[in-house]
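# Residue-level structural notes
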Amino acid sequence: MPKYREIHTDVLVVGSGGTALRAILEADDAGAEVLAVIKGAFRKSGATFHSVAEVGAFNVPDGAGDPEDNPEVYSADILRAAQGMADDRLVSILANEAYDTMKYLERHGVHFEKKDGNYLVFRACFSSKPRSHVIKDHFKPVIKALGGEASRRGIKVLDQLMIVNLIARDGQCWGAYAIDADGQSVVIRAKSTILTTGGASQLFATNLYPTDITGDGYAMAYRAGAHLANMEFMQAGVSITEPFINLFGNYLWDAEPNLTDRNGERFIERHLPDNLSLSQVIAEKERHFPFSSSDISKYIEISIQKTINSGAGTDEGGVYMDFIGRDFDAILADESRSIANMWPLTYDWYKERGVDLYTDKVQIACSAHAINGGLRIDTDAQSNLKGLFAAGETAAGPHGADRLGGNMALTCQVFGARAGRAAALRAQNTGHLEISDIFEEQAEYLARFGGKGGSDVHDIRKRLQAVANRHLLIIRNEQGLKDFLLATEELREELYAAADISEPDRLKLAIENDNLIEVAQIMTRAALYRQESRGGHYREDFPTASDDHLHSVIHDRTVENGYFTSPLVEMN
Ligand SMILES: Cc1cc2nc3c(=O)[nH]c(=O)nc-3n(C[C@H](O)[C@H](O)[C@H](O)COP(=O)(O)OP(=O)(O)OC[C@H]3O[C@@H](n4cnc5c(N)ncnc54)[C@H](O)[C@@H]3O)c2cc1C
């Protein structure tokens, strides 16, 4: 049996994004002993820290943008966008706790932008009211504020430690297995475990996410018997890909950018039905950043992805975009347009990075963004495995088929806080798992990577990402999804049989690849089942929504096919 060390804690928090930090502070406030374990660097990892957008949008229905806004109007917006796929209990909590959550962040030093003494707000994706409050430099200020507080309190942190699997027995979670920077195993016994590992967007060749976001939480939870839901509803949207990666804010469509292929030819018009004009499609696109199959703006992403898939994209895998010839004096004169409010911040952000948006051409593509699905949780953010909590992008329920822009960062805070409090309470009333030798299953899991070498883990990752872009990003159809499942099986066989894991870093990448493959198969099974198009999920062969699919796909590895279907809200 290889050597391993053991650690004990009340509450194990996996990650150090916005969700994790909030969970840590709440569990600490409740008197629990907390250990934070992070694969990367503490306070410097995850999507919350990753500024590839000029601002972060944070929804609060406080009436700052419209006196008629309130939690009820906000909840109705969320449920409308979710199209039957959200848990309305979680939605109601989110809407009602938003204001206090913003005040909590302000007390900890997060600055929300103001204009003329009032909160600066804009109407973000799928929203009926302007309620997205603005944090400059994306969500780095949240990390700085809450992470600073965690450090001041002396919270115990182990970074460069990757959680690999959960310790699960009889429907309960008792901590996790990890590997350290030297490739040595660590067993962490915890009375409560909070998964805040973010999403899985590194599955795709074009994505807006940092390299540590590889679906580890989803995959290990699924392996342990936790239920996942709504995994087919991942978001993707148009982003700048060259000369740097940046989210393309939806308000920018208001200036009607020029999109051209590798030959300088305009292409969107070719993909539009006869009854639709480019201006109509662009006007709809201005309402939301992520791709949605539920309205006519879908033709923009579909045409971009088809152009790239057909080989008419640039050598770097994008298409060209510019604003040359646009009358910005007229566009910015009308202050009721979101672009007028956001343009100064946006223009400066690009200029600082060497791009003059008035005159320069950049490259764009469809990039993977946040995932609306994740672990199925209750109002305490607890999963069906007792003692396993999940929040932020790792959990499902507060969102559905489409998600309001500005809702994820709020979700991270609201359910991170609930997870922290409930995990601390459970820890007060629970002991540790009374089994002495629990290392065997970690050894068994790691043994699957016992191949003879010869295949490079980076190369396997690249091939997985390329085939995911082709078959799972934006355009899905039965044959493509089946081809993708087959490709993931072959890549997994190669990973186990031949991946070179001679260095600890390579072993970590191999485990991440295994997790990405698990997530890819989960998403694909749901996408194959869902013979319809709804929100972020688009089936070319079933292009409209169907009432036969008004329930979520819930992944459970213990049942036939690995999933069942049910409304989310029926979980006890
Ligand atoms: C470009 C961009 C713009 C966005 N804009 C907005 C916006 O305006 N409004 C909004 O609401 N949302 C927005 N989002 C989404 C939002 O930022 C993320 O969904 C959110 O920050 C995720 O936070 P999190 O705490 O769940 O996870 P993350 O911040 O991603 O943190 C995950 C943590 O888990 C760690 N981890 C992962 N795997 C392991 C493992 N195996 N072991 C140990 N640690 C692990 C990571 O290292 C990291 O510390 C945006 C996202 C991006 C990328």
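Cut-off values and rules
Residues numbered from 1 in each chain as written. Predicted model: local features only at pLDDT ≥ 70, side-chain atom pairs only at ≥ 80, totals over all residues. Pairing = 2+ DSSP bridges. Helix = DSSP H or I, 4+ residues; strand = E, 2+ residues; numbered from the N terminus. Near = placed C-beta within 6 Å. Nonpolar A, V, L, I, M, F, W, Y, C, P; charged D, E, K, R; others polar. Axes fitted to C-alpha atoms, helices over the stretch in contact; angles between N-to-C directions. Left-handed = near helix turned anticlockwise from the far one by under 90°. Contact = placed C-beta atoms within 7 Å. Expected span 1.5 Å × (residues − 1). Buried ≥ 20, exposed ≤ 12 C-beta atoms within 10 Å, placed from the backbone. Domains from an automatic or database assignment.

## Some remarks on the sheet that holds strand β3 (residues 55-59)
The three strands are arranged β3-β7-β6 in an open sheet whose pairing can be described as antiparallel. On the outer flanks of this sheet lie β3 and β6 (121-122), each paired with one strand and no other. Direction of pairing for β6 relative to strand β7 (residues 132-136): antiparallel, over a ladder of two bridges. By the bridge assignment, F122 is partnered in β7 with S132.

## Structural notes on unusual backbone geometry
Following E242, the chain continues to P243 via a peptide bond in cis, the omega torsion being 5°. Within the chain, F126 stands out as a residue other than glycine whose phi angle is a positive 65°. Phi is positive for D170, which is not a glycine, with a value near 50°. Positionally, D170 belongs in the loop between β9 (162-169) and β10 (172-179).

## With respect to the site of the ligand
Taken together, 41 residues surround the ligand, and among them G15, G17, G46, G198 and G392 come closest. Elements with a minimum of two residues in the shell around the ligand: α1 (18-29), β3, β9 and α10 (407-428). In terms of residue count, the dominant contributor to the shell around the ligand is α10 (four residues). Of the residues in the shell around the ligand, the class split is 19 nonpolar, 18 polar and four charged.

## Remarks on the packing of α1 against α10
At their nearest, the axes of α1 and α10 sit 7 Å apart, and the two run at 35° to each other. Considering only the axes of α1 and α10, their crossing is right-handed. Contacts from G18, T19, A20, R22, A23, I24, L25, E26 and A27 of α1 reach α10 at A409, C412, Q413, G416, A417, A419, G420, R421, A423 and A424. Residue composition of the contact of α1 with α10, by class: eleven nonpolar, five polar and three charged.

## So, helix α12 (residues 457-471)
For an α-helix, the turn length of 3.6 residues means that residues three or four places apart are oriented alike. Compared with an ideal rise of 1.5 Å per residue, which puts 15 residues at 21 Å, α12 spans 21 Å between its outermost C-alpha atoms and is within 8% of the ideal. Regarding α12, the residues found buried are V457, I460, R461, L464, Q465, V467, A468, N469 and H471.

## Description of the domain arrangement of the chain
In terms of domains, the chain is made up of domain 1 (4-50 + 86-110 + 137-234 + 369-428), domain 2 (237-367) and domain 3 (450-543). A separation of 24 Å is found between the C-alpha centroids of domain 1 and domain 3. Each partner contributes residues to the interface: domain 1 has 27 residues there, and domain 3 has 24 residues. Elements represented by at least two residues in the side of domain 1 that touches domain 3 include exactly β9 and α5 (216-224). The dominant element in the side of domain 1 that touches domain 3, judged by the number of residues it contributes, is α5, at four residues. Grouping the amino acids of the side of domain 1 that touches domain 3 by side-chain chemistry returns 16 nonpolar, seven polar and four charged.

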